Amino acid sequence: MSDASLQHWREGVGAYNTGNVQLAIQEFKAAAPSKGVLFNLGVSTAKMGDNQTAIRHFDEVIQMDPNLGVAYLTRGACKHHERMYDAAIKDYDQA
């Protein structure tokens, strides 16, 4: 990760931790897409209530690292909120 991307990621984490989720999303989008950045982007978009977009971010994370259980868990939670219960259960089982 470049210094600029790392700085955007740090700024995004800081913004999220202080409750400025919208700024966090902007910062994460400005960083190079890594599994950590995309995971944080998924969590942030889910926090804003955009579960469909969050699911797509978690899909990308899982493609990068299919063994990252927390990605399945959080994607499952987003699917649960979208009433995609069978798909959520599959994600929970995979986690």
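Note that this is a predicted model, so its numbers are computed, not measured.

Undergrad: I would appreciate a short explanation of unusual backbone geometry in the present structure.
TA: Across residues other than glycine, the phi torsion is negative in most instances, and most of the peptide bonds are trans. Phi at Arg-83 is positive, roughly 65°, even though this residue is not glycine. Topologically, Arg-83 is positioned in the loop between α5 (69-81) and α6 (85-94).

Undergrad: Explain the pattern of salt bridges to me, please; I cannot follow it from the model alone.
TA: Side chains that differ in charge, positive against negative, can pair when their charged atoms come close. One pass over the structure, following the stated rule, counts four salt bridges. Residue Asp-65 pairs with Lys-35 through a salt bridge whose shortest N-O separation is 2.7 Å. Highlighted residues: Asp-65 in the loop between α4 (51-64) and α5 and Lys-35 in helix α3 (residues 35-47), separated in sequence by 30 residues. Assessed through its relative accessible area of 15%, Asp-65 is described here as buried. Here Asp-91 and Arg-75 are joined by a salt bridge, their closest N and O atoms 2.6 Å apart. One end of the pair, Asp-91, is in helix α6; the other, Arg-75, is in helix α5, and 16 residues separate them in sequence. Of the residues examined, Asp-91 reaches a relative accessible area of 4% and is grouped as buried. Of the residues examined, Arg-75 reaches a relative accessible area of 11% and is grouped as buried. Overlapping salt bridges bring together Asp-59, Arg-75, Lys-79 and Asp-91 as one network.

Definitions and limits used
- Residues numbered from 1 in each chain as written.
- Predicted model: local features only at pLDDT ≥ 70, side-chain atom pairs only at ≥ 80, totals over all residues.
- Heavy atoms only, no water.
- Helix = DSSP H or I, 4+ residues; strand = E, 2+ residues; numbered from the N terminus.
- Salt bridge = Lys/Arg side-chain N within 4 Å of Asp/Glu carboxyl O.
- Buried < 20%, exposed > 50% of the residue type's maximum accessible area, 1.4 Å probe, protein only.

In short, the description is geometric, and any link to function would need to be established separately.
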